[in-house]
Structures are given as structure tokens and as C-alpha cells.
Amino acid sequence: MRPIRVLVAKPGLDGHDRGAKVIARAFRDVGMEVIYTGLRQTPEQIVQTAIQEDVDVVAMSILSGAHNHLLPKVVKLLKEEEVYDDILVIGGGVIPDEDIPYLKENGIAEVFTPGTTTTTTIDFIKANLKRSID
């Protein structure tokens, strides 16, 4: 069985990536392959990296407040590229509870807010992959 491939991405103008690095390390420590995009990625860059790296998961971390725009835009572009049905898309960061239903309605499978354990996120990924990794 091959490892789960996860793209950890920081969309928008966030200048803080400590949380993204913590979750990337946790994914790696349980045997996942992690591709980290670095800061200030556009939705287009995230989608192209996801396709080029043939990832199973796009995990976006956002703190800037632009989550209602940027995260659904990534989903829209994944759908346009006809890869959304194969890729689990999750989000995390400082996201108000009242915005989570909107994000889920727009294709984000789950949203993880501050205080969520890395184990919770890892378990969600393992239980909700869209394609087999055998």
C-alpha cells in the first residue's frame, strides 16, 4: 500500500505558517507523504501543484479571514480540472464557527479550528479518502 499523499497549502496573504508546519510534520510522522507549498499561494498554484504531485488530499491552512473566498475557489478549480472527485479537500486555521457550514456546502470536506488535535485530523483523512491507495 502506498502512502497517502497530502498537499499542505497556505492560500492567500498569510505570513504565518507555524500551524501548517506542525500539521505537515504530524502527517509525515504517521507515514504520509507531504508536499508543502510555502506561503502566499494562489488557488491556481495550489491546484496545479495538487495535479502535478498527484495528491490524495489538499489541506489548506488559512488565518487571513479570506477563507470564504479562497477555499471554495480551490474547490471550483479542482472541479474544472476534473480532479475534485479524487481529492479530499480540508481546511484549517482561524475560521469562525458560523462560516464552517458555508465552506462545507462549497466542497470543503471538513474544517479544523485551533485546538483540534493532529490525531483528529489524521483520523479524518484516513476515514474519508476519495480513492483507494492500494
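Above this text is the structure in question.
What counts, and at which threshold
Residues numbered from 1 in each chain as written. Predicted model: local features only at pLDDT ≥ 70, side-chain atom pairs only at ≥ 80, totals over all residues. Heavy atoms only, no water. Buried < 20%, exposed > 50% of the residue type's maximum accessible area, 1.4 Å probe, protein only. Helix = DSSP H or I, 4+ residues; strand = E, 2+ residues; numbered from the N terminus. Right-handed = clockwise from strand over helix to strand, strands pointing away. Pairing = 2+ DSSP bridges. Axes fitted to C-alpha atoms, helices over the stretch in contact; angles between N-to-C directions. Contact = heavy atoms within 4.5 Å.

S.K.: Would you mind going over the pairing of strand β4 (residues 88-93) with me for this structure?
M.R.: The two faces of a sheet get side chains in turn, since along a regular strand they alternate between them. Of all six residues that make up β4, six are buried, and the element is covered over most of its length. Here β4 shows no split at all, with Leu88, Ile90 and Gly92 on one side and Val89, Gly91 and Gly93 on the other all buried. Each parallel crossover has a hand, and the one from strand β3 (residues 57-62) via helix α3 (residues 67-80) to β4 is right-handed. As a crossover connection, the stretch from β4 through helix α4 (residues 100-105) into strand β5 (residues 110-112) is right-handed.

S.K.: When you look at the sheet that holds β4 in this model, what are you seeing that I'm missing?
M.R.: One key point about sheets: their strands pair by backbone hydrogen bonds, in either a parallel or an antiparallel sense. Across the sheet, five strands lie side by side as β2-β1-β3-β4-β5; this open sheet has parallel pairing. The strands lining the two open edges of the sheet, one partner per strand, are β2 (33-36) and β5. Along the sheet, successive strands turn relative to each other by an average axial angle of 20°, direction set aside. Sheet analysis places β4 next to β5, joined by three bridges and oriented parallel. Looking at β5, one finds that Ile90 is bridged to Glu110. Running at roughly 165° to β4, helix α5 (residues 118-128) makes contact with β3, β4 and β5 of the sheet.

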